Amino acid sequence: MDPDQLLEVAHEGPEAALRDQEQRATFERLLEVLDEERRTVFVLYEIEELSMHEVAQAAGCPLPTAYSRLRSARKLVLEAARRLELRENHR
């Protein structure tokens, strides 16, 4: 976390810091449903905001394969998020 983010969290208070920590933990759990290849493509594109050409190059795969992995990763993460939401709503 960079210093600016630390200052933002400090100004928001402990409740916001806890909420942010819980959201990061949830996101990390969602990423766990992905194998390494899909997770790499997903993170590089969705989080790091690389272009798909850059993602394919970094992942060492053809561009169509990178697109396929991203599509599959999005589907798996969305399904996992839905399952998690259902579990949370039943508590």
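Since the model is a prediction, treat every value here as computed from it, not as a measurement.

*Asks:* Help me get a handle on the side chain of Arg69, residues and values and all.
*Replies:* Here Arg69 shows up in helix 5 (residues 63–90). On the basis of relative accessibility, which here comes to 18%, the residue Arg69 falls in the buried class. Residues within four places of Arg69 in sequence aside, it is in contact with Glu37, Arg38, Val41, Ala59 and Cys61.

*Asks:* How would you sum up the nonpolar core? Please name residues and give values.
*Replies:* Burial of nonpolar side chains together is a common tendency in soluble globular proteins. Core analysis: the largest hydrophobic core is formed by 16 residues, its most contacted members being Leu34, Phe42, Met52, Val55 and Ala66. Of all elements in the fold, only helix 2 (14–31), helix 3 (36–47), helix 4 (52–59) and helix 5 reach the threshold of two or more residues within this core. Looking at this core element by element, the count peaks at six residues for helix 5.

Definitions and cut-offs
Residues numbered from 1 in each chain as written. Predicted model: local features only at pLDDT ≥ 70, side-chain atom pairs only at ≥ 80, totals over all residues. Heavy atoms only, no water. Helix = DSSP H or I, 4+ residues; strand = E, 2+ residues; numbered from the N terminus. Buried < 20%, exposed > 50% of the residue type's maximum accessible area, 1.4 Å probe, protein only. Contact = heavy atoms within 4.5 Å. Core = buried A, V, L, I, M, F, W, Y, C linked by side-chain atoms within 4.5 Å.

Don't take any of this as a statement about function, it's just geometry.
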